[in-house]
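Structural overview for review
Spelled out from the first residue to the last, the chains are:
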Amino acid sequence: MKSYIRIGVDLAKNFFQVHALPEEGVPALQRKLSRAKFLDFFRNIAPSRVGMEACATAHHWARALQALGHDVVLIPPAYTKAYVKRGKNDAVDAEAICEAMSRPGMRFVPVKTIEQQALLSLHKQRELLIKQQTMAVNALRAFLAEFGLVAAKSICRVPDLLDVGRDSTALPATAKVRLEIDAEVLLAISKAIKGLEQEIARHHAINPVSQLLDGVPGIGVLIASAVVAYVPDPKHFRSGRDFSAWLGLTPREHSSGGKSTLGHISKQGNPYLRKLLVLAATSLLRVQPQRQGPLAEWLRALLVRKPARLVTVALANRLARILWAMMKGGEEFRVEIFARGAAAV
């Protein structure tokens, strides 16, 4: 049975490019495999270290190769780009992946389980439906505004907007046909969103880690469930700051010559979780400064020195670090940890 020290795989829909290295300094095996013969190749070799880009279907194939005994690592596509020598084709990409996975400082993406991917699909579908709902409402408002019909802004005011259109004598019968179609579409989207939220809540009720995170102020069922779905193993991050940096909540650094220069938050990493945490921090900032306790004192001290929006992001950063610490240690939320590190913000 042949053995290889590492194998780079460039994934595709029907054909996969393999770059297998027997040992350092020896020409690599380069082979193009069809989808049907992909797993057969790995069944006939000794357990090896396999690297792939973290792209569509990557988690599925990683689980399949792990079941065959291989050690699989997923690399962010941006990190393999530097190892592409010249030009671009599947063979060059597979070689670049094989080289990138050998670097000692390379960062990898944890392989998600089937359950985590299924839960994450609910969150993604909900986000898509909310986007479609917003588009449909904006189109409805623009449509009725052409006939001089308006209503107060807010998703909660959509029924009022529909009533305005239905009761108006200025709206032609032909236009009211379009109005009823919009009403049916919005009702269907609303029902679908509620169904997804109920399923997310059901999963939350049986997941102990998700319930643990729900105890943090501002972190409800949705955010706790999303964190559990996105983070297979909190130990993948060395610290809470690493987790916060992965979310894009840490300052962008541009330092040189011994002079440290920090700018705005990087916004790199996970935009969905970052958005949810910033929304949670925005909600907390409206009520917490008027209360008593370490969190309120910390926020009031920051608001004296910093703009409210900056404080919101600082609070989101703090929430991210707390969530990581709770996932890693299994400890329940303690209010006093909010006050730690205030001077460093």
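The rules we used
Residues numbered from 1 in each chain as written. Predicted model: local features only at pLDDT ≥ 70, side-chain atom pairs only at ≥ 80, totals over all residues. Heavy atoms only, no water. Helix = DSSP H or I, 4+ residues; strand = E, 2+ residues; numbered from the N terminus. Rg over C-alpha atoms; globule rule 2.2 N^0.38 Å. Buried < 20%, exposed > 50% of the residue type's maximum accessible area, 1.4 Å probe, protein only. Contact = heavy atoms within 4.5 Å. Salt bridge = Lys/Arg side-chain N within 4 Å of Asp/Glu carboxyl O. Pairing = 2+ DSSP bridges. Axes fitted to C-alpha atoms, helices over the stretch in contact; angles between N-to-C directions. Phe/Tyr/Trp six-rings, centres within 6.5 Å; stacked < 30°, edge-to-face > 60°. Lys NZ or Arg CZ within 6 Å of the ring centre and 35° of its normal. Core = buried A, V, L, I, M, F, W, Y, C linked by side-chain atoms within 4.5 Å.

Structural notes on the overall build of the protein chain
A tally of helices and strands in the protein chain yields 13 helices and 7 strands. Computed over its C-alpha atoms, the radius of gyration of the protein chain comes to 25 Å, more than 25% above the 20 Å expected for a compact globule of 345 residues. Each principal axis of the C-alpha atoms in the protein chain carries an extent, and together these give about 80 × 60 × 45 Å. Here the protein chain holds 345 residues, and the buried ones make up 40% of them. Considering only residue pairs separated by 6 or more positions, the protein chain has 54% of its internal contacts joining residues 24 or more positions apart.

Regarding the pattern of salt bridges
For the structure on display, the rule yields 15 salt bridges. Of the charged contacts, one joins Lys124 and Glu127 as a salt bridge, the two residues approaching to 3.8 Å between their closest N and O atoms. You can see Lys124 and its partner Glu127 sitting in helix α5 (residues 114-145), 3 residues apart, about one turn around the helix. Of the residues examined, Lys124 reaches a relative accessible area of 40% and is grouped as partly exposed. Of the residues examined, Glu127 reaches a relative accessible area of 26% and is grouped as partly exposed. A salt bridge links Arg178 to Asp182; the nearest nitrogen and oxygen atoms lie 2.5 Å apart. Of this pair, Arg178 and Asp182 both sit in helix α7 (residues 173-206), separated by 4 residues, roughly a single helical turn. Residue classification places Asp182 among the buried positions, given a relative accessible area of 15%.

Thoughts on the sheet that holds strand β4 (residues 49-53)
Here we have 5 strands laid out as an open sheet, ordered β3-β2-β1-β4-β5, and mixed in their pairing. A strand with exactly one partner marks an edge of an open sheet, and here the two such strands are β3 (29-34) and β5 (71-75). Going from strand to strand, the sheet's axes swing by 25° on average, the running direction of each strand aside. Two elements, strand β2 (residues 15-21) and β3, share 6 bridges in a ladder whose sense is antiparallel. Bridge pairing in β3 links Phe15 to Ser34.

Quick notes on the packing of aromatic side chains
Following the criterion strictly, the structure yields 10 aromatic pairs and no others. Chaining the aromatic ring pairs together yields one cluster made of Phe16, Phe38, Phe41, Phe42 and Trp61. If you follow Lys32 out to its NZ or CZ, it ends over the ring of Phe15, 5.1 Å from the centre. Across from the ring centre of Phe143, 4.3 Å away, lies the NZ or CZ of Arg178, which sits over that ring.

Thoughts on the nonpolar core
Grouped burial of nonpolar side chains is what soluble globular proteins tend to show. In terms of nonpolar packing, the biggest core is built from 49 residues, with Ile219 and Leu277 touching the most fellow members. Sorting the residues of this core by element identifies α5, α7, α9 (221-230), α10 (240-247), α11 (271-287), α12 (294-305) and α13 (308-329) as the ones contributing at least two each. With 12 residues, the top contributor of residues to this core is α13. What Leu277 contacts, discounting residues up to four positions off in sequence, is Ile219, Ile223, Leu247, Leu249, Ala316, Leu319, Ala320 and Leu323.

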